[in-house]
Amino acid sequence: MTLSEPQQMDMFWYMLLARRLDERAWVLHRQGKIAFHISGIGQEAAQIGAAFALRKGEDWVVPYYRDLALMLYLGYTPREFMLSLMGKREEPSSGGRQMPSHWSLRRANVVSHSAPVATQTPHAVGIALAIKMRREDKVVLTTIGEGATSQGEWYEAVNWAAIHRLPVIFMVENNRYAISEPVEKQMAVEGAAAKACGLGLEGIAVDGTDALAVYDAVAQAVEKARRGEGPTLIEARMYRLTPHSSDDDDRSYRSREEVEAHKRRDPLLRMRQHLEAQGWLSAERLQAMEAEIKALVDTAVSEATQAPYPAPEEAAGPVFCTEVSHA
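Quick look at the structure, then. From a predicted model like this one, the values you see are computed outputs, not experimental measurements.

**Focus: the nonpolar core**
In this structure, Met 11, Phe 12, Phe 81 and Met 82 are the most contacted members of the largest nonpolar core, which totals 70 residues. The element contributing the most residues to this core is helix H1 (residues 5-30), with 12 residues. Residues within four places of Phe 12 in sequence aside, it is in contact with Leu 268, Met 271, Arg 272, Leu 275, Leu 281, Leu 286 and Met 289. Counting residues in hydrophobic clusters, the runner-up holds 26 residues, among them Ala 118, Ala 128, Ala 157 and Phe 170.

**Some words on the packing of aromatic side chains**
Inspection of every chain in the model, using the stated rule, returns 9 aromatic pairs. Residues Tyr 76 and Trp 103 carry aromatic rings whose centres are separated by 5.3 Å and whose planes lie at 85° to one another, so their mutual orientation is edge-to-face. Within this pair, whereas Tyr 76 is found in the loop between helix H3 (68-74) and helix H4 (78-86), its partner Trp 103 is found in the loop between H4 and helix H5 (120-134), the two being separated by 27 residues in sequence. Taken together, the ring pairs in this structure connect Trp 13, Tyr 14, Phe 52 and Tyr 73 into an aromatic cluster. Of note, Lys 88 hangs over the ring of Tyr 309, and the distance from its end group to the ring centre comes to 4.5 Å. Note that Arg 254 overlies the ring of Tyr 177, its terminal NZ or CZ placed 5.3 Å from the centroid.

**Focus: the environment of Leu 199**
Within the secondary structure layout, Leu 199 lies in the loop between strand E5 (181-182) and strand E6 (202-207). Note on Leu 199: relative accessible area 16%, which makes it buried. Through-space distance from the C-alpha of Leu 199 to that of Ile 163 is 8.6 Å; in sequence the pair is 36 residues apart. Contacts of Leu 199, omitting those with residues within four sequence positions, involve Trp 154, Tyr 155, Val 158, Asn 159 and Ala 162.

**Let's talk about the sheet that holds E6**
One open sheet accounts for 5 strands, arranged E1-E2-E3-E7-E6; its pairing is parallel. Edge strands, defined here as strands with exactly one partner in the open sheet, are strand E1 (60-62) and E6. Strand-to-strand twist in this sheet, taken as the mean axis angle between neighbours without regard to direction, amounts to 20°. As paired strands, strand E3 (residues 168-174) and strand E7 (residues 232-237) are joined by 6 bridges and run parallel to one another.

**What to know about the packing of H1 against helix H10 (residues 283-306)**
Where H1 meets H10, the closest approach of the two axes is 10 Å, and the angle between their N-to-C directions is 45°. Judged by the angle between their axes, H1 and H10 are oblique. Where H1 crosses over H10, the handedness of that crossing is right-handed. Two secondary-structure elements touch here, H1 through Glu 5, Met 9, Phe 12, Trp 13, Leu 16, Leu 17, Arg 20, Leu 21, Arg 24 and Leu 28 and H10 through Arg 285, Leu 286, Met 289, Glu 290, Glu 292, Ile 293, Leu 296, Val 297, Asp 298 and Val 301. The residue inventory of the contact of H1 with H10, partitioned by class, reads 13 nonpolar, no polar and 7 charged.

**Quick look at helix H6 (residues 152-164)**
Over its 13 residues, H6 extends 19 Å from the first C-alpha to the last, a length consistent with the 18 Å expected when each residue adds 1.5 Å. Taken residue by residue, H6 has Trp 154, Ala 157, Val 158, Ala 161 and Ala 162 as its buried positions. Seen from one end, H6 has its buried residues packed into an arc of 125°, which puts them on one side. Exposed residues lying more than 90 degrees from the buried face of H6 are Glu 156 and Ile 163. Next to the buried residues of H6 lie H5, strand E2 (140-145), E3 and E7. Downstream of H6 by a residue or two, Arg 165 has a phi angle that is positive, lying close to 50°.

Definitions and cut-offs
Residues numbered from 1 in each chain as written. Predicted model: local features only at pLDDT ≥ 70, side-chain atom pairs only at ≥ 80, totals over all residues. Heavy atoms only, no water. Core = buried A, V, L, I, M, F, W, Y, C linked by side-chain atoms within 4.5 Å. Buried < 20%, exposed > 50% of the residue type's maximum accessible area, 1.4 Å probe, protein only. Helix = DSSP H or I, 4+ residues; strand = E, 2+ residues; numbered from the N terminus. Contact = heavy atoms within 4.5 Å. Phe/Tyr/Trp six-rings, centres within 6.5 Å; stacked < 30°, edge-to-face > 60°. Lys NZ or Arg CZ within 6 Å of the ring centre and 35° of its normal. Pairing = 2+ DSSP bridges. Axes fitted to C-alpha atoms, helices over the stretch in contact; angles between N-to-C directions. Parallel < 35°, antiparallel > 145°, perpendicular 65-115°, else oblique. Left-handed = near helix turned anticlockwise from the far one by under 90°. Nonpolar A, V, L, I, M, F, W, Y, C, P; charged D, E, K, R; others polar. Expected span 1.5 Å × (residues − 1). Arc of directions from axis to C-beta.

Here is the structure:
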């Protein structure tokens, strides 16, 4: 499945926007202006490749905490990201009550996940079951890290989806570390895709640093799901270039030489080199994109800084819905 020049340039733009926002978040944390950040640096290609295979605003997404690039493509704004980091009232996921990067976006059919990993996968399967029962032409994409495939909720969700041939794509963003645990201590098989055969669905491993390769894999899985042929497990293999979070010191479990070696396969660098080789991305165009994105990031930080915090009396609600009609 071929993407046009404008589409591939858009891919790179969203990847670059996600990277610059992510980098600014680290700076804000070091300045003491935010309390916590969990990064997606090194995983942007997989997220954008998957995002471009969806019908934005129609299909459903149940993401995980590193999915900044995916969220930006779906319509989450830089300002909303900064509001989340700063715990401000206008933040759309929780009104400033939830940890940052616990995404939801009602206008884009993005459903929030919880802090315990993999618990969002049964929610995604429930949405997929509703889609099948209603005979809607929609699919669900849900994402997790490879460490979360060790959780019982993930097995239950994938098993149920396979039994009932539900229109859901399980994308595992295998960044090789579950906090400090390397992948070989998480599973005895080669990778998460190998787990699919025991659960009765197709499992595919793909280079997660190649946005176009991920797009091809997810697009095929999406079309299969739309045809009623059931779910797919896609393992996108990449490397987490940053510590697990701003509370982590990754020097205690991996060498600097290992990290530097993987930086040579940085997905942002790979996409830029691909576009340059096609003759689509010049130095001047890249400079203009960088300037545009810097202005967006600067504005987002400024506006979020000035935005109000939730009032103390707002802490207790809303915690339940009072507007449900049973008619």
